[in-house]
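Reading the structure
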Amino acid sequence: MSRLWPWLCAASVALSLLMLAALLTLLLTRGLGHFWPATLESVTLDSGEVIAGEAVREIPLPHRDGEERLYFTANRDLDSHRWRWVEINHIDERSTPHALVRLERSPWGDFIGYLTAVESAGSHLEGEAAWQALKTALTRPPPERPNATLILKSAGGETLRQPLNEIHRAYRPNAMAWWEKIRFWSSGVWQFLSEGPRAANTGGGVWPAIFGTVLMVMVMSLIVMPFGVLAAIYLNEIAHQGRLTRLVRIGVRNLAGVPSIVYGVFGLGVFVYGLGSSLDEWFFSDSLPSPTFGTGGLLWASLTLALLTLPVVIVATEEGLARIPDAQREGAVALGATRLEMLTRVVLPMAAPAMLTAVILAIARAAGEVAPLMLVGVAKLAPQMPVDGEFPYLHVERKFMHLGYHLFDTAFHGEDIQAAIPLVYAIALLLVFIVLVLNLTAILLRHHLRHQRGQSC
Amino acid sequence: MTPPSRLHHSTPSGSDPRRQRLDRLATASITVGAFAVLAAILAIGIFLLWESLPLLSMTGTFTLETLSPLAWGTLKAALAAMLLALPVALGAAVYTALYMPPPLRSRIKPVLEMMEAIPGVVVGFIAGLILAPWVERHLASTLVLLVWLPLSTLLAGALWHRARQSLRQYLPFSWAGLWLVPWLVVMTFLALWATPGVEQVLIGGDVRQWLDQQLGLNYATRNAMIVGMAMGFAVIPSIYALAEDALADVPASLLEGAQALGATRWQALWKVALPAAGPGIFSAVMIGAGRAVGETMIVLMASGNTALFSVSPFEGMRSIAAAIAIEMPEAAPGSSTYHVLIFAALVLFLFTFLVNTLAEVVRLRLRIRLSRMGGGG
């Protein structure tokens, strides 16, 4: 038996690698696949009914032989649901007609069907001309688009009048060549990164969330870096290395293990209800009872996360300081430098990469943290961006959107979660990508640092 | 880690009084800044304690009634996570520290530690919306996989020991962590393919129905098992990293000595390395437990959030952290719910702080002991 135990240990490594690879592959394929124009099918059932949609998945029928297939049929304004389960042996005919159009619209979600005509100011275009007219209209920016109406026909034969200004994108995936699909895919990725959300966060892009995350992380770094570095310098360079300093060091290290939600509670109680309410009473009393600072906002969120990442910064900076050989300090002092001069001219320049590592690690931790933000100022949909042209340009009291919370909200509070899942995959991929890239940078930097130091000693 | 001695400025260096004043000013401001940081850290504990005090004046068992199902949920979630994470993390640590060739080890370790960087909200989404419905549809396969994967590895080991020498050289055991990956993939697909048939023959249909009728177990889509898998995934890297460090710090001379006396590699590990690194492994487990108790988003998204007293692994739970995240934004400041939630946060804070301190102290002790044992090696 003792010959077989090591195999279980080896399998643990294999299993961990497998789980990590599976998770990343899942995110990568689904997240990037979300933007690929899927083939649309027109399906004739044996009852004579015709439906059109995107085939999503198949599962075995419960209690019977055979399988059923799920179609995303869209057109919520026509039949009030967007999904349709079809038993496979009830399908008479499947085809992929080139004329099938998919429209991304604002109030009702997608439309899948046929374009019959485009009507605008007396002109009436039909067939291919209508499609060309629609395509040219959509290439212009929204305010310049003509005031037109589309006449649409669903696969079931119902007719629908659709104003052009509610349409974001139109495409005929079955008629696209592969290079057109690639172009469509990249424009989809670009829109995802650069546009705001629509349809109650179940569609559109995540630009405000990216912006909010980046801004919050930047404000947080501005707060945490000076304090973290000061504390690290004190602990490593100034404090007497006794029992007390050791205790403080252990305490700081352990704060990294305190659950993030506890920091959220602290931020809500002290920053929002304590500081914020007092600020409101002193400076913004004319706008009370509606709170200015007395509610969650960018500043409070940044402060809370600064506290959360403080141990990360202190530990990483101190590690860098401890690696600097004492001979360097002694040399500086022997040449007549004061402590301040020794710190600013010798120690801090040598510790700069460690401080950079510290800030990257702090950012990586903060970018993925969601729980405390739910208490101190993240918003489902922020009406205003925290930065605009109005004085004082940066509005730290405003609520903001955050990528991680956007993911949580889209995945768990939407009205049609099924339809939102592909988008959630894309958000998750973006978040993981950002955090992993930050972490990798920190690891490489640290590696480089150790290597360099190893040679100089 | 820190050099043993620090420089103290007792003698004036340089004669310029302006430089001396500047120096004293800088030292003073660094000290002030550092104490501000310490004060902020202390403030967390003091605030939580202060705001939970009003609970003492409240009569009745309100606090206890609200918190006990939550405490149970927290323990259940953490226990489920540890059940999955402990064997995998410790096994992986033993293998990387003692069997892997160093060049491979220096690549695999950062990759596994990378798992820790994956945000909880992403793991929670995958667990709650993708894994949970899948497991519900393939419950039998999932349960079979939990047993079959370890068994299939043992099978692989047995086959390897019987294989020809040339094959063994081609697939050395020290690289098994990598080449077992495709084996596990194949075995997973085999189990997924074979289970429905076996399920049909043995219990005549659906496991969920069978569980309900024979054992009276309810199956909730989002349950403790799902939370255990997701949070286990999140806890594995922190346990793994610390345990691996502890094992790798065991001086090689100890292991070599044991093997020179005729012990096998596994005996050397079991009788020498594990006792030597025991405290370090203990602290790794403690840190992992602390993380599992405090993790919010994964439990929030994968557990169904029903405050239940149930031991069944197929039912959901609500943890303290998740309850705070859900209820805190709605609780009016000063209300009894607000104070109860702050008290809940205090419990979490104290628990994790104590557990981490214990782990840290044990780890530091161990480090000193091992460096003594290592002597010149």
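Rules behind the numbers
Residues numbered from 1 in each chain as written. Chains lettered and ligands numbered in written order. Predicted model: local features only at pLDDT ≥ 70, side-chain atom pairs only at ≥ 80, totals over all residues. Helix = DSSP H or I, 4+ residues; strand = E, 2+ residues; numbered from the N terminus. Rg over C-alpha atoms; globule rule 2.2 N^0.38 Å. Buried ≥ 20, exposed ≤ 12 C-beta atoms within 10 Å, placed from the backbone. Contact = placed C-beta atoms within 7 Å. Expected span 1.5 Å × (residues − 1). Pairing = 2+ DSSP bridges. Axes fitted to C-alpha atoms, helices over the stretch in contact; angles between N-to-C directions. UniProt positions renumbered as here; feature names shortened; annotations may be inferred. Nonpolar A, V, L, I, M, F, W, Y, C, P; charged D, E, K, R; others polar. Domains from an automatic or database assignment. Left-handed = near helix turned anticlockwise from the far one by under 90°.

Next up on the list: the overall build of chain A. Secondary structure assignment for chain A yields 13 helices and 13 strands. Its C-alpha radius of gyration of 29 Å places chain A more than 25% over the 23 Å reference for a compact globule of 457 residues. Its C-alpha atoms give chain A principal-axis dimensions of roughly 90 × 80 × 40 Å. Counting all 457 residues of chain A, 43% fall into the buried class. The long-range fraction of contacts in chain A, counting pairs at least 24 apart against all pairs at least 6 apart in sequence, stands at 67%.

Quick look at the environment of Leu-49 of chain B now. Residues and elements named next belong to chain B. Here Leu-49 shows up in helix α1 (residues 17-52). C-beta crowding within 10 Å serves as the criterion here: with 14 such atoms nearby, Leu-49 is assigned to the partly exposed category. Along the backbone, Leu-49 and Leu-346 are 297 residues apart, and their C-alpha atoms lie at a distance of 6.7 Å.

Let us now look at helix α6 (residues 243-255) of chain A. The α-helix advances 3.6 residues per turn, and as a result positions three or four apart in sequence lie on the same side. Taking 1.5 Å as the rise per residue, α6 of chain A with 13 residues should run 18 Å; its terminal C-alpha atoms sit 19 Å apart, in good agreement. Within α6 of chain A the residues assigned to the buried category are Arg-249, Val-252, Asn-254 and Leu-255 of chain A.

What follows deals with the environment of Glu-360 of chain B. All names here are of chain B. For Glu-360, the position within the fold is in helix α15 (residues 336-374). Exposure remark for Glu-360: the 19 C-beta atoms within 10 Å place this residue in the partly exposed category. Separated by 111 residues in sequence, Glu-360 and Asp-249 place their C-alpha atoms 16 Å apart.

Moving on: the sheet that holds strand β4 (residues 83-87) of chain A. Residue and element names in this part refer to chain A. Strand order in the open sheet formed by five strands is β4-β3-β2-β1-β5, and the pairing between neighbours is antiparallel. Every other strand in the sheet has two partners, leaving β4 and β5 (91-95) as the edge strands with one partner each. Mean inter-strand twist for the sheet, computed between neighbouring axes without regard to direction, equals 45 degrees. Sheet topology note: the strand β2 (residues 50-60)/strand β3 (residues 67-72) ladder contains six bridges and is antiparallel. Within β3, the residue paired with Ala-55 across the bridge is Tyr-71.

Residues and elements named next belong to chain A. The UniProt record marks residues 206-235, 255-276, 296-316, 346-367 and 423-445 with the feature "transmembrane region" (unreviewed entry), using the residue numbering of this structure. Here residues 255-276 runs as 82% helix and 0% strand, with 25 Å between its end C-alpha atoms. Along residues 423-445 one finds 100% helix and 0% strand; the C-alpha atoms at either end are 33 Å apart.

What follows deals with the interface of chain A and chain B. Taken together, the contact between chain A and chain B spans 81 residues of the former and 88 residues of the latter. Of all the elements, helix α1 (residues 5-33) of chain A adds the most residues to the side of chain A that touches chain B, at 17 residues. Grouping the constituent residues of the side of chain A that touches chain B by class yields 59 nonpolar, 15 polar and seven charged.

What follows concerns the domain arrangement of chain A. By domain assignment, chain A separates into domain 1 (35-188) and domain 2 (207-456). Centre-to-centre separation of domain 1 of chain A and domain 2 of chain A, based on C-alpha positions: 45 Å.

This brings us to the packing of helix α5 (residues 120-137) of chain B against helix α10 (residues 224-249) of chain B. All names here are of chain B. The geometry of α5 relative to α10 is characterised by a closest axis approach of 10 Å and an angle of 145 degrees between their N-to-C directions. Crossing handedness for the pair α5 and α10: right-handed. Residues Gly-120, Val-123, Gly-124, Ala-127, Leu-131, Ala-132 and Val-135 of α5 touch α10, and the partners they reach there are Ile-226, Met-229, Ala-230, Phe-233 and Ala-234. Per-class residue counts for the contact of α5 with α10 are 10 nonpolar, two polar and no charged.

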